[in-house]
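One letter stands for each residue in the lines below.
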Number of protein chains: 2
Amino acid sequence: MRAKKQARQSELQRVLDSNPFLTDEALAAQFGVSVQTIRLDRMELGIPELRERVKLVAHESYAQIRSLSEQELIGQLWELELGVKGVSVLDVTMDMIFAKTKIMRGHHLFAQANSLAVALVDAPVALTAGAEVKFIRPVYPGERLVCTAEVKEKTESRVYVEAVTTSAGNVVFTGKFTIAVVEQNNKEGEA
Amino acid sequence: MRAKKQARQSELQRVLDSNPFLTDEALAAQFGVSVQTIRLDRMELGIPELRERVKLVAHESYAQIRSLSEQELIGQLWELELGVKGVSVLDVTMDMIFAKTKIMRGHHLFAQANSLAVALVDAPVALTAGAEVKFIRPVYPGERLVCTAEVKEKTESRVYVEAVTTSAGNVVFTGKFTIAVVEQNNKEGEA
DNA sequence: TTATAATTAGTACTAGGTGTTAGCATCTAG
DNA sequence: CTAGATGCTAACACCTAGTACTAATTATAA
């Protein structure tokens, strides 16, 4: 019975990790044991009750989605000299990769550089009008991407920004961004 | 007393919209009425109880986050002729925009086109190596973006894809993508 | 065989409700 | 001025998915 209990508990952990919305009753039925056994297992594993689990998921993912949509910059800002240069850092997580190859999806690299380029521009409204980007080598989860963006040229309506993203000192991405500075109701350029 | 009730109910709606994690008791205290009054208000407004609200938030945002990270393609695929052309559609929602200007962030447009370009390539592993993109005009929430991507040229290790995104028939974005086809352990190109 | 571990069962209690009935105060129309 | 409608509060029984605890039963290994 020792091995059986061990197996059930690790399976329970696994099941609740992938689906936290199961009641003790449902779990008891699923495992063919009594509700009390499930409760004891949860106690031993330190897994909170259904309602607490649901509350946790709700709070966490609520906050996560809020921050995702409210986030003006992709990554964390490390340095910013408005109109001159900026540095941001992005840690590559499992939700940024291709499931098959475990390689980071290009648009996340683009997003980090693009949002930094836009943030760099010292104007009330700045929109990306165009970009030329190169993906130098694949990036994998766990890497820390440091993006450095510099203003190269300025005209009345355009700012040219060059960005370089490195991981542990190696360049993984470069981009040239043309940012449109919208004064009033200018129709050119886009975010 | 009629106006008071109306005001309280619309305020209640607003409060619970922005924070669904409040108990009737907390709400009663906040509004200076009895718990029963809050319950009646909820009934009339069709607002479910705390636990149901939490469950909803949990399920919704859980699913949303899951789908965000599992999604291979940004947008919905409408047509796909592997190695030839593809069409995808993306509805612009509030979480894709700049808070200030309500204009869609560039990387979402990039992501739609880029993921379609990659999906188009008939190879086990395809990674974006480079891209040249133009943002023609600002895009706002509610618009439906139709992205059409076509393979223009093919070499042994590279596929050149051109993408055009339109909204209600007007071009809003164009992009030229160079996709690297990785055969074995080729180190060039990136997603 | 017996000590120990694992499981099950039962009871009392909890939060955050629902559903219902009832008692008042207040307003409004006839 | 009064009857009926509207709004607010209270009280009670019930629900779910638990916790906390005690006790009994079953399995197993020494």
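What counts, and where the lines are drawn
Residues numbered from 1 in each chain as written. Chains lettered and ligands numbered in written order. Predicted model: local features only at pLDDT ≥ 70, side-chain atom pairs only at ≥ 80, totals over all residues. Heavy atoms only, no water. Helix = DSSP H or I, 4+ residues; strand = E, 2+ residues; numbered from the N terminus. Buried < 20%, exposed > 50% of the residue type's maximum accessible area, 1.4 Å probe, protein only. Polar contact = N/O pair within 3.5 Å; in protein donor to acceptor, adjacent residues only side chain to side chain. Contact = heavy atoms within 4.5 Å. Least-squares fit on C-alpha atoms with pLDDT ≥ 70 in both. Domains from an automatic or database assignment. Near = heavy atom within 4 Å. Nonpolar A, V, L, I, M, F, W, Y, C, P; charged D, E, K, R; others polar. Core = buried A, V, L, I, M, F, W, Y, C linked by side-chain atoms within 4.5 Å. Buried area = accessible area lost by both parts, 1.4 Å probe. Salt bridge = Lys/Arg side-chain N within 4 Å of Asp/Glu carboxyl O.

**Observations regarding unusual backbone geometry**
- Here the phi dihedral of A168 of chain A falls at roughly 50°; this positive angle occurs in a residue that is not glycine.
- As for its placement among the helices and strands, A168 of chain A is situated in the loop between β5 (158–167) and β6 (170–181).
- What makes A168 of chain A exposed here is its relative accessible area of 77%.
- Of note, K102 of chain B is a non-glycine position whose phi angle comes to about 60°, a positive value.
- Note on placement: K102 of chain B falls in the loop between β2 (85–91) and α5 (106–120).
- Taking relative accessible area as the criterion, K102 of chain B reaches 39% and is therefore assigned partly exposed.

**Focus on the side chain of S61 of chain B**
- Relative to the helices and strands, S61 of chain B resides in helix α4 (residues 50–70).
- Overall, the relative accessible area of 5% leaves S61 of chain B in the buried class.
- At 3.1 Å, the side chain of S61 of chain B and the side chain of S61 of chain A are in polar contact.
- For S61 of chain B, the side chain forms a polar contact with the main-chain oxygen of V57 of chain B, separated by 2.5 Å.
- Every residue in contact with S61 of chain B, bar those within four places of it in the chain, is listed here: A58, S61, Y62 and I65 of chain A.

**Some points on the relation of the copies chain A and chain B**
- Mapping chain A onto chain B is achieved by rotating through 180° and translating by 0.1 Å along the same axis, at an RMSD of 0.4 Å. Between the two chains, the operation in question is that of a two-fold axis.

**Examining the domain arrangement of chain A**
- Taken domain by domain, chain A comprises domain 1 (2–69) and domain 2 (76–181).
- Computed from C-alpha atoms alone, the centre-to-centre distance between domain 1 of chain A and domain 2 of chain A is 39 Å.

**Looking at the protein's contact with DNA strand C**
- Taken together, 17 residues lie around DNA strand C, and R8, S34 and T37 of chain A together with R42 and L50 of chain B are the ones closest in.
- Restricting attention to atoms of DNA strand C within 4 Å of the protein, one finds that 72% of them are sugar or phosphate atoms.
- Within the side chain of R39 of chain B, a nitrogen or oxygen atom sits 3.5 Å from a sugar or linking oxygen of DNA strand C.
- In this structure, a phosphate oxygen belonging to DNA strand C sits 2.8 Å away from a main-chain N or O atom of L50 of chain B.
- Listing elements by their share of the surface near DNA strand C, those giving two or more residues are α1 (2–18) and α3 (35–45) of chain A together with α3 (35–45) and α4 of chain B.
- When the residues that make up the surface near DNA strand C are grouped by side-chain class, the tally is four nonpolar, four polar and nine charged.

**What to know about the nonpolar core**
- Counting residues in hydrophobic clusters, the biggest one holds 74 residues, and the most contacted among them are F177 of chain A together with F177 of chain B.
- Not counting the four nearest positions on each side in its chain, F177 of chain A is found in contact with F110, A113, N114, A117, T128, G130, A131, V133, V159, Y160, V161 and A163 of chain A.
- One finds F21 and V54 of chain A together with F21 and A58 of chain B within the second-largest nonpolar core, a separate group that totals ten residues.

**Quick word on the protein's contact with DNA strand D**
- Near DNA strand D there are 19 residues, and of these D24 and R51 of chain A together with R8, S34 and T37 of chain B occur at the shortest range.
- Counting only atoms of DNA strand D within 4 Å of the protein, the sugar-phosphate share comes to 77%.
- Contact between DNA strand D and D24 of chain A: a phosphate oxygen at 2.8 Å from a main-chain N or O atom of the residue.
- K5 of chain B is positioned such that a nitrogen or oxygen atom in its side chain is 3.2 Å from a phosphate oxygen of DNA strand D.
- When contributions to the surface near DNA strand D are tallied by element, the ones reaching two or more residues are α3 and α4 (50–70) of chain A together with α1 (2–18) and α3 of chain B.
- Considered class by class, the residues forming the surface near DNA strand D number five nonpolar, four polar and ten charged.

**So, the interface of chain A and chain B**
- Counting residues at the interface gives 56 residues for chain A and 56 residues for chain B.
- When the two sides are added together, the surface that chain A and chain B hide from each other amounts to roughly 4300 Å², 61% of it contributed by carbon and sulfur.
- In this structure, the connection of chain A to chain B is made through two salt bridges.
- Mapped by element, the contributors of at least two residues to the side of chain A that touches chain B are α1, α4, α5 (106–120) and β3 (126–135) of chain A.
- For the side of chain A that touches chain B, the element with the most residues is α4 of chain A, which contributes 13 residues.

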